[in-house]
Amino acid sequence: TARATGASRGRLGSVPVIRFPCHVQRPQRPSVRAAAKKVAVPPPTPVDVEALFAAATCYSALLTVYLLFTATLAMLKRSRTADEEATFVYSTNAIGGLSRGKRVVARRLRSGSMKQAVLLVLPLIAVYGVLLVNSYSPDTLSLVLPGSLKDGMSGGFNPQFIPKLANISTLFSRVGVAASLWVHLLAVNAFSAFMLMHRGLAAGIPVHHTILLSMVFGPLGFLSSWITERLCGR
């Protein structure tokens, strides 16, 4: 019996034993961070400064023609009317049309012209905002307002944060900054031209020369409007 048992054990010992693994290895998936690193982020689209500059300039020229045309129509309407008590003022709509009627309250007149001026200058404001953000650089504030609080409080009279002509010249020598400055001037000149035209038409004085001076030379339009009012006795 012992011999049989040993023989059987020898036979069983010769049989290969198959061992199964405790766990099955799953294929590794790429992590979210690794996938994000592999995805190439496209660079931001550069702003076409030349195109925005040309568009703002063309719009300013068209706006000048529109203001001159509107002033001409207003003066023709005024000359044709026989009612001396009637006055022509701008309505509150966006196209800047004229409406005939009695004198309105000055507050309503000013609010209507302000709304129209903002609507007309809004495209220039949008272009200026885009160019301003595009032209910003880390040294912009240091060029506009040079200095530091430490130097100012070091003792004695040492004023800081005062713009200097050399820094401003350096800043405006950049293409993006120069374009934003130009559009800024166009927007301010167009706004002043519209307001002075509105004031002149309400007073019944010529406004064509004031419009041209305001659109091109800015502050000279205010001087022109003031002189015209004095010469016309208004």
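Residues numbered from 1 in each chain as written. Predicted model: local features only at pLDDT ≥ 70, side-chain atom pairs only at ≥ 80, totals over all residues. Heavy atoms only, no water.

Enquirer: What exactly am I supposed to notice about the overall build of the protein here?
Expert: Along the protein, the regular secondary structure elements total ten helices and two strands. Put simply, the protein runs from its N terminus to its C terminus through helices and strands in the order α-α-α-β-β-α-α-α-α-α-α-α. By residue count, 26% of the 234 residues in the protein fall in the buried class. Put simply, 61% of the contacts in the protein that link residues at least 6 apart link residues at least 24 apart. (Helix = DSSP H or I, 4+ residues; strand = E, 2+ residues; numbered from the N terminus. Buried < 20%, exposed > 50% of the residue type's maximum accessible area, 1.4 Å probe, protein only. Contact = heavy atoms within 4.5 Å.)

Enquirer: I keep staring at the layout of surface pockets and nothing clicks. Help me out?
Expert: In this structure, the second largest pocket spans a volume of roughly 190 Å³. Secondary-structure elements contributing two or more residues to the lining of the second largest pocket are α4 (106-135), α7 (165-172) and α8 (175-203). The biggest single contributor to the lining of the second largest pocket is α8, with four residues. Among the residues forming the lining of the second largest pocket, the class breakdown is seven nonpolar, four polar and no charged. (1 Å grid on protein atoms, 1.4 Å probe; cavity = no way out; pocket = protein on both sides within 12 Å on 5 of 7 lines; lining within 4 Å. Points joined across faces, edges and corners; volume = space filled by probe spheres on them. Nonpolar A, V, L, I, M, F, W, Y, C, P; charged D, E, K, R; others polar.)

Enquirer: How should the pattern of salt bridges be read in this particular structure?
Expert: Oppositely charged side chains can form a pair if their charged atoms are brought close together. The final tally for this structure, using the stated rule, is three salt bridges. Here R230 ties to E229 by a salt bridge, and the two come within 4.0 Å at their closest N and O atoms. Note on E229: relative accessible area 7%, which makes it buried. Each of the salt bridges in this network shares a partner with another, and the network as a whole consists of R199, E229 and R230. (Salt bridge = Lys/Arg side-chain N within 4 Å of Asp/Glu carboxyl O.)

Enquirer: Explanation requested: the nonpolar core in the structure shown.
Expert: The nonpolar side chains of a soluble globular protein tend to be buried with one another. Membership of the largest hydrophobic core comes to 24 residues, with the highest contact counts inside it found for L67, L124, M197 and I211. Elements with a minimum of two residues in this core: α3 (49-80), α4, α8 and α9 (208-217). The contact partners of L124, leaving out residues within four places of it in the chain, are A56, Y59, V183, L186, A187 and A190. (Core = buried A, V, L, I, M, F, W, Y, C linked by side-chain atoms within 4.5 Å.)

Enquirer: For this particular structure, what's the right way to read the packing of α8 against helix α10 (residues 219-231)?
Expert: Interhelical geometry of α8 versus α10 gives an angle of 10° and a closest axis separation of 10 Å. Between α8 and α10, the crossing angle belongs to the class labelled roughly parallel. Contact with α8, carried on its side by S192, L196 and R199, involves G221, F222, S225 and E229 of α10 and no other residues of that element. (Axes fitted to C-alpha atoms, helices over the stretch in contact; angles between N-to-C directions. Parallel < 35°, antiparallel > 145°, perpendicular 65-115°, else oblique.)

Enquirer: Sorry if this is basic, but what is going on with the packing of α8 against α9 here?
Expert: When two helices pack together, their arrangement is given by the angle between the helix axes and the distance between those axes. Direction vectors running N to C along α8 and α9 enclose 165°, while the axes themselves pass 8 Å from each other. With respect to α9, the axis of α8 lies roughly antiparallel. Crossing of α8 against α9: the hand is right-handed. On α9, the residues that touch N189, A190, S192, A193, L196 and M197 of α8 are T210, I211, S214, M215 and V216. Broken down by class, the residue content of the contact of α8 with α9 amounts to seven nonpolar, four polar and no charged. (Left-handed = near helix turned anticlockwise from the far one by under 90°.)

Enquirer: I would appreciate a short explanation of the side chain of S137 in the present structure.
Expert: In this fold, S137 is placed in the loop between α4 and α5 (140-144). At a separation of 2.9 Å, a polar atom in the side chain of S137 contacts the side chain of R174. (Polar contact = N/O pair within 3.5 Å; in protein donor to acceptor, adjacent residues only side chain to side chain.)

Enquirer: What should I look at first to understand the confidence of the model for the protein in this one?
Expert: Low pLDDT means the predicted coordinates in that region are not meant to be read closely. With 66% of its residues at a pLDDT of 70 or more, the protein has an overall mean of 76. Model confidence for the protein, summarised as mean pLDDT per element, is weakest for strand β2 (residues 98-101) at 42 and strongest for α9 at 94. Low pLDDT, under 50, characterises residues 82-111; the stretch is placed with 45 contacts to residues that sit more than four places away or in other chains. (pLDDT = per-residue confidence, 0-100.)

Enquirer: So what exactly am I meant to see when it comes to a nonpolar patch on the surface here?
Expert: Together, V216, F217, L220, L223, W226, I227 and L231 give the surface a local cluster of nonpolar side chains, amounting to about 750 Å² of exposed area. Among the secondary structure elements, those contributing two or more residues to the nonpolar patch are α9 and α10. Looking at the nonpolar patch, the element that brings in the most residues is α10, giving five residues. Structurally, I227 is set in helix α10. (Patch = residues over 30% accessible without salt bridge, like charges linked within 9 Å, V, L, I, M, F, W, Y side chains within 5 Å. Areas by Shrake-Rupley, 256 points an atom, 1.4 Å probe, with all protein chains shown as cover.)

Enquirer: Please clarify how the environment of F161 should be interpreted in this entry.
Expert: With respect to the secondary-structure elements, F161 resides in the loop between α6 (149-152) and α7. Overall, F161 belongs to the partly exposed group, its relative accessible area being 36%. Along the primary structure F161 and V144 are separated by 17 residues, whereas in three dimensions their C-alpha atoms are 7.9 Å apart. Not counting the four nearest positions on each side in its chain, F161 is found in contact with L145, P146, G147, S148 and L149.

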